[in-house]
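Each chain is listed here by its residues.
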Amino acid sequence: MDAGKALITAVRTGLAELADPVKAPEMQAYMKSAMPFRGVPKPPRGKLMKTVLAEHVLPDRVTYAETVLALWRQAEYREERYAAIDLSGHRAYRQWQDPELLDMYDELIVTGAWWDHVDEVAIRRVGPILREHRAAVTPVLRRWMTDADRWRRRTAVICQVSAKGEVDQKLLADAIEANLDDRDFFLRKGIGWALRDHARAEPEWVRAFVRAHPGLSPLSAREATKHLR
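Residues numbered from 1 in each chain as written. Predicted model: local features only at pLDDT ≥ 70, side-chain atom pairs only at ≥ 80, totals over all residues. Heavy atoms only, no water.

Trainee: I tried to follow the overall build of the protein on my own but got confused; where do I start?
Mentor: Tallying secondary structure elements over the protein gives 13 helices and 0 strands in all. Overall, the protein shows an N-to-C arrangement of helices and strands of α-α-α-α-α-α-α-α-α-α-α-α-α. The globule rule puts the C-alpha radius of gyration for 229 residues at 17 Å, and the 19 Å found for the protein is close to it. For the protein, the C-alpha atoms occupy an extent of roughly 60 × 40 × 30 Å along the three principal directions. In the protein, which comprises 229 residues, the share counted as buried stands at 53%. For the protein, restricting intrachain contacts to residue pairs at least 6 apart in sequence, the fraction spanning at least 24 positions comes to 71%. (Helix = DSSP H or I, 4+ residues; strand = E, 2+ residues; numbered from the N terminus. Rg over C-alpha atoms; globule rule 2.2 N^0.38 Å. Buried < 20%, exposed > 50% of the residue type's maximum accessible area, 1.4 Å probe, protein only. Contact = heavy atoms within 4.5 Å.)

Spelled out as structure tokens, the structure:
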């Protein structure tokens, strides 16, 4: 068995051993998921992944990407997709976090199509790649901010959350303005979140932005100014 298949088998076996049939339907209902859950909360799942990733080291970039996508595409339970996201960001493979992975992350965003998948990929994967490779990644995000897929657009809006003083304010402003009139809850919430987070570093910029954009939805404006009152 090759390294990727062995890792996937270990993930599936471990999740099956931790499965809780009582929690599973509750978790599925909370997440409004069509895909069933095993019923494994984040703490034990994280402990499992720490062990699996330490014991099953992938030898090269191709195997790494193929394993992430295989675990994701073949998932029968939602925790397997969480495991794929965990694998994608494991510190052992940090050297491969560059623009070449954007197609992989784009697939996770578009096919994941819900906040629990998209937000982790947007903020913890796409965001760091943007900060290290601005010239290559910025044009991609500019395409995503006007894409028909709402999750690509949400990614363009929130990918700089937690960037602190490294936020590209022009990119953030353009992403928000491109989606200002969209009535989608997740976009409006994402806009407010992105502005609220940036207000920690640049409160005056956020105040000025909100004042200059009376078309912001009440939800976005309220979230943006939550800590500025």
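And the narrative resumes.
Trainee: Would you mind going over the environment of methionine 27 with me for this structure?
Mentor: With respect to the secondary-structure elements, methionine 27 resides in helix α2 (residues 23-31). Between the alpha carbons of methionine 27 and phenylalanine 37 there is a distance of 6.7 Å; along the sequence they are 10 residues apart.

Trainee: Is there a simple way to think about the packing of helix α7 (residues 115-132) against helix α9 (residues 150-158) in this case?
Mentor: The axes of two packed helices give the description: the angle between them and the distance between them. One can describe the packing of α7 onto α9 by two numbers: an axis separation of 9 Å at closest approach and a directional angle of 40°. In terms of orientation, α7 and α9 fall into the oblique class. Once α7 is placed against α9, the crossing between them reads as right-handed. Seen from α7, the contacting residues are Trp115, Val118, Asp119, Ala122, Ile123 and Val126; seen from α9, they are Trp151, Arg154, Thr155 and Ile158. Its residues assigned to classes, the contact of α7 with α9 shows 7 nonpolar, 1 polar and 2 charged. (Axes fitted to C-alpha atoms, helices over the stretch in contact; angles between N-to-C directions. Parallel < 35°, antiparallel > 145°, perpendicular 65-115°, else oblique. Left-handed = near helix turned anticlockwise from the far one by under 90°. Nonpolar A, V, L, I, M, F, W, Y, C, P; charged D, E, K, R; others polar.)

In short, the description is geometric, and any link to function would need to be established separately.
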